[in-house]
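Topology and contacts: notes
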There are 2 protein chains.
Amino acid sequence: MELWVKEIHQDKTGLSFKVKQTLFSGKSAFQQVDIIETIGLGRILLNDGVFMFSQADEFIYHEMMAHIPIFTHPCPKNVLIIGGGDGGAAREVLKHQSVERVVMVEIDEMVVNACREYLPTLSCALNHPKLDLKIGDGVDYAATTKERFDVILVDSTDPVGSAEPLFNADFYRNTARILSDDGILITQAESPFYDSDVQRMMLANQRAFFKKLHLYLFPTLTYPGGLWGFGFASKKYSPIRDFNSERVKTSGLSCQYYNADIHCSAFVLPTFIADNLKGIIDPL
Amino acid sequence: MELWVKEIHQDKTGLSFKVKQTLFSGKSAFQQVDIIETIGLGRILLNDGVFMFSQADEFIYHEMMAHIPIFTHPCPKNVLIIGGGDGGAAREVLKHQSVERVVMVEIDEMVVNACREYLPTLSCALNHPKLDLKIGDGVDYAATTKERFDVILVDSTDPVGSAEPLFNADFYRNTARILSDDGILITQAESPFYDSDVQRMMLANQRAFFKKLHLYLFPTLTYPGGLWGFGFASKKYSPIRDFNSERVKTSGLSCQYYNADIHCSAFVLPTFIADNLKGIIDPL
């Protein structure tokens, strides 16, 4: 018998992986959570049947989410991660010596516990002494906290269910409120092929609250279309003009995907993607 | 009833598209040829069940294959396309006024005829007066022709069956022989995720015959992993240092993916891909 797991996107395209075994299946108050062992890509986390990441390529998503803002900001000390219960984003953030405190607000404790048990290469950072892990709603946290952060990472699922408010103007207004005056916000920004309307909408929703707004791109093996975006929004910094590549070279950090040249090239947009965001994002 | 077409890669991963109808199915001396109409990506060509391209995103592959070498070479007049029977690469090449003659050597006439009938947005260039379309084996042509070319595009399928010799040192020696002294060779270079060994092997096979050797990257909706490579080999030119971006801006050419900034950023490699090709390709 052959087992395959499949995700259908927009009733148009499907992505499937051959499965060795199911390691975890549970239903939380928020979603169905599964972890499977695949033949080709190691372990994969699924929320509500949607692939979140694979062990084989999660380094791309997490390196690109964390190191782009942290190497742009001259000295980020306080970092907030909204979502990211698997621990991958925190793992990358905590590689930076300048970071003194990471608050992570994950809505679904089942994701955290399942990843602690079955995905130790991601969840290894979840017990780090600098990490303050809160189980709760990131939207409420951004609306009510008195803390301020140099970098905020929104490591969210797609804009459905509990993640839907993470794409709205109210939420972005609150992230701007709790960002320091030179803070940087990174947001999971969907597919430039299949979700170009969502990409435009969410960046348009950010525009009013940030002086600098950009999209950057990276590949993924587990998301439809294979090319994915992160939003980069800042009250002060340009990701290219304020980036000092020497800091990457002298950091001692060794990455599998990210490097100082990729930092810059990731922001270069193909014409059809730039056209879709014309008038919303800034020129480089 | 729902119809889906699926391609399995390396018995690990599958990519599938929802199908409206089958437009063409035939078996040539070389391969099974199918053209389908999908719900999401327009029409798709399959050779032996492997997705060749979709109408929705073929512009990326064909623009990146043609415009990178043609805008690097200062005045390309003679272009050879090996494979490319759909016409997409020829269509992009023939947008350049400097090009006086395009020889296309496609092994499978069934591909040409099926694309003429069902994929007119690609095959539109196949009757161009500057195009000399030859039905034959590109490997033999490269070994025997007396002509020389400024640019050679190897628009091939994967290294199996009739396309397998297109990845060997003998073939690259012959392409170097029929390239002008400042000529550029572009080769379809597979997936940096799933075929990193093939990528290393084919570029190592090119190394001895070219002064400059690089890999560049682009996304695709129909190939496994979503990120794909082209080899750039030249007897003289660096794709970055010898590239004059003004030529793009003054060309009047309007592309959907390619632009002068993408020309350069496509050659920037993530660390794991650069590591895989260390000692084979040149620094930028």
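Residues numbered from 1 in each chain as written. Chains lettered and ligands numbered in written order. Predicted model: local features only at pLDDT ≥ 70, side-chain atom pairs only at ≥ 80, totals over all residues. Heavy atoms only, no water.

1. Some remarks on the nonpolar core
Residues Met64(A) and Met64(B) are the most contacted members of the largest nonpolar core, which totals 178 residues. Other than its neighbours up to four places away in sequence, Met64(B) contacts Phe59(B), Pro69(B), Tyr216(B), Leu217(B), Phe218(B), Phe230(B), Tyr257(B), Tyr258(B), Ile262(B) and Ala266(B). Counting 13 residues, the second-largest nonpolar core is a separate cluster that includes Met52(B), Ala114(B), Tyr118(B) and Leu122(B). (Core = buried A, V, L, I, M, F, W, Y, C linked by side-chain atoms within 4.5 Å. Buried < 20%, exposed > 50% of the residue type's maximum accessible area, 1.4 Å probe, protein only. Contact = heavy atoms within 4.5 Å.)

2. Remarks on empty space enclosed by the protein
Summed over all chains, the structure comprises six cavities of 30 Å³ or more. Residue lining of the largest cavity: 22 residues in total, with Tyr257(A), Ser265(A), Leu227(B), Tyr257(B) and Ser265(B) positioned closest to the centre. Listing elements by their share of the lining of the largest cavity, those giving two or more residues are β11 (212-219) and α9 (260-265) of chain A together with β11 (212-219) and α9 (260-265) of chain B. Among the residues forming the lining of the largest cavity, the class breakdown is 20 nonpolar, two polar and no charged. (1 Å grid on protein atoms, 1.4 Å probe; cavity = no way out; pocket = protein on both sides within 12 Å on 5 of 7 lines; lining within 4 Å. Points joined across faces, edges and corners; volume = space filled by probe spheres on them. Helix = DSSP H or I, 4+ residues; strand = E, 2+ residues; numbered from the N terminus. Nonpolar A, V, L, I, M, F, W, Y, C, P; charged D, E, K, R; others polar.)

3. With respect to the pairing of strand β1 (residues 3-9) of chain A
All names here are of chain A. Where β1 lies against strand β2 (residues 13-27), seven bridges are found, and the strand directions are antiparallel. Residue Glu-7 lies in a different strand from β2, and its bridge partner there is Leu-15. Hairpin connection from β1 to β2: three residues lie between these consecutive antiparallel strands, with Gln-10 at a positive phi of about 55°. (Pairing = 2+ DSSP bridges.)

4. Re the interface of chain A and chain B
Chain A puts 38 residues into the contact, and the matching count from chain B is 38 residues. Of the roughly 2,900 Å² buried at the junction of chain A and chain B (both faces included), carbon and sulfur atoms supply 62%. On inspection of chain A and its partner chain B, the count reaches two salt bridges. Measuring nitrogen to oxygen at the nearest pair gives 2.5 Å for the salt bridge that ties Lys18(B) to Asp11(A). For the interface between chain A and chain B, the tally reads 18 residue pairs in polar contact (both at pLDDT 80 or more). Here the side of chain A that touches chain B gets six residues from one element, more than from any other, and that element is β2(A). Here the residues of the side of chain A that touches chain B sort into 21 nonpolar, 11 polar and six charged. (Buried area = accessible area lost by both parts, 1.4 Å probe. Salt bridge = Lys/Arg side-chain N within 4 Å of Asp/Glu carboxyl O. Polar contact = N/O pair within 3.5 Å; in protein donor to acceptor, adjacent residues only side chain to side chain.)

5. Points about the domain arrangement of chain A
Residue and element names in this part refer to chain A. Per the domain assignment, the segments of chain A are domain 1 (3-54) and domain 2 (58-276). The gap between the C-alpha centroids of domain 1 and domain 2 is 23 Å. At the junction of the two partners, domain 1 supplies 26 residues and domain 2 supplies 20 residues. A combined buried area of about 2,100 Å² lies between domain 1 and domain 2, and 70% of that area is made up of carbon and sulfur atoms. Interface area lost by domain 1 to domain 2 is led by His-9, Phe-30 and Phe-53, which between them contribute 26%. Our enumeration of links across domain 1 and domain 2 arrives at zero salt bridges. At the boundary of domain 1 with domain 2, the tally comes to nine residue pairs in polar contact (both at pLDDT 80 or more). (Domains from an automatic or database assignment.)

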